[in-house]
Amino acid sequence: SNNDNYETYTTEVVIVVAPKSVTIKVLQDTYTYNGEDQTLSVVVLDGETELDIEVLGNVVANNVSETNTNLSIKENNYVAEVVAATLTIEQAESVITNLFTTNSSDYTGEEIDLTSYFSLNHDEAELEFSVNASAVTSIKDAGVYTIVVSVAETQNYTADEVEVTYTINKISPELTYTSPTEGYTYDST
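Heads up: these notes are all about the structure in this document.

Conventions we followed
Residues numbered from 1 in each chain as written. Predicted model: local features only at pLDDT ≥ 70, side-chain atom pairs only at ≥ 80, totals over all residues. Heavy atoms only, no water. Helix = DSSP H or I, 4+ residues; strand = E, 2+ residues; numbered from the N terminus. Rg over C-alpha atoms; globule rule 2.2 N^0.38 Å. Buried < 20%, exposed > 50% of the residue type's maximum accessible area, 1.4 Å probe, protein only. Areas by Shrake-Rupley, 256 points an atom, 1.4 Å probe, with all protein chains shown as cover. Lys, Arg positive; Asp, Glu negative; His and termini not counted. Charge placed at Lys NZ, Arg CZ, Asp CG, Glu CD. Pairing = 2+ DSSP bridges. Patch = residues over 30% accessible without salt bridge, like charges linked within 9 Å, V, L, I, M, F, W, Y side chains within 5 Å. Salt bridge = Lys/Arg side-chain N within 4 Å of Asp/Glu carboxyl O. Phe/Tyr/Trp six-rings, centres within 6.5 Å; stacked < 30°, edge-to-face > 60°.

A tally of helices and strands in the chain yields zero helices and 19 strands. Its C-alpha radius of gyration of 39 Å places the chain more than 25% over the 16 Å reference for a compact globule of 189 residues. Counting every position in the chain, which comprises 189 residues, the buried fraction comes to 26%. Carbon and sulfur atoms form 44% of the exposed surface of the chain, whose accessible area is close to 13,800 Å². In the chain, which carries 5 positive and 32 negative side-chain charges, the distance between the mean positions of the two groups comes to 3 Å.

What follows is the structure, given as structure tokens:
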């Protein structure tokens with residue numbers, strides 16, 4: 001080949017590789033309180049494809065709250081718009097359980113401790129008892145009782161109340177008569 005007809009020419013070229021634009025997507029931002037740490041569930045997407053890129057700014061909470069944050073990425077080959085997000089933890093439901101197997105019993109003379117017959121699904125508050133509109137925790141005598149068991153709202157749990165009608169039935173006394181072995185003689189005096 002004949003290179004005598006051409007001069008040697010060199011040029012410097014700068015190639016700029018622009019970072020690819022991706023999306024930060026929040027999958028779940030609201031949870032019901034369960035006592036465990038919660039974080040925003042987020043992914044970084046290139047179209048429909050999920051990328052393994054760390055999201056900065058994620059927050060942790062474990063009590064009922066709303067926590068605001070800004071999510072971003074720091075990756076040389078990718079760029080994403082900052083996403084404002086709020087991690088929300090909502091109150092869980094208080095559940096009072098009635099453990100009576102029946103709504104009545106016969107009078108025995110023994111007190112019935114109501115605290116043994118109701119339970120609560122958490123320990124953030126104590127159960128409160130009212131029997132026929134009086135603040136008592138036991139019943140004993142024959143009668144019909146309206147038992148109201150309640151729990152106050154706490155930071156993490158809603159309030160709850162249950163009402164139970166419980167009857168302690170009167171019993172017939174057991175009478176026994178023993179006849180004397182010798183008869184009685186009428187004495188008119």
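In this section: the sheet that holds strand β3 (residues 30-32). If you trace the four strands from one edge of the open sheet to the other, you get β3-β11-β9-β7, paired in mixed fashion. Each end of this open sheet is capped by a strand with a single partner; those strands are β3 and β7 (55-56).

Our focus in this paragraph is a nonpolar patch on the surface. A cluster of nonpolar residues, V13, I15 and V17, forms a patch on the protein surface that exposes about 360 Å² of accessible area. Along the polypeptide, V17 turns up in the segment before β1 (20-21).

Attention now moves to the environment of V17. Residue V17 is classed as exposed on the basis of its relative accessible area of 68%. Taking the C-alpha atoms as reference points, V17 and L56, separated by 39 residues in sequence, lie 23 Å from one another.

Moving on, we get to the packing of aromatic side chains. Scanning the entire structure with this criterion turns up five aromatic pairs. Seen from their ring centres, F100 and Y117 are 4.3 Å apart, and the 5° between their planes marks the pair as stacked. Here the residue F100 occupies a position in the loop between β12 (96-98) and β13 (104-106), and Y117 occupies one in the loop between β14 (112-113) and β15 (118-120), the gap between them amounting to 17 residues. On the accessibility criterion, F100 (11% relative accessible area) is buried. By relative accessible area, Y117 is classed as partly exposed at 31%. Through a chain of ring-to-ring contacts, three or more aromatic side chains come together here, namely F100, Y117, F118, F129 and Y166.

So, about the pairing of strand β5 (residues 41-46). Bridge analysis of strand β2 (residues 23-28) against β5 gives five bridges, and the strand direction is antiparallel. Bridge pairing links Q28 to S41 in β5. Once β5 ends, the chain turns through two residues before running back antiparallel as strand β6 (residues 49-51), passing G47 with a positive phi of about 70°.

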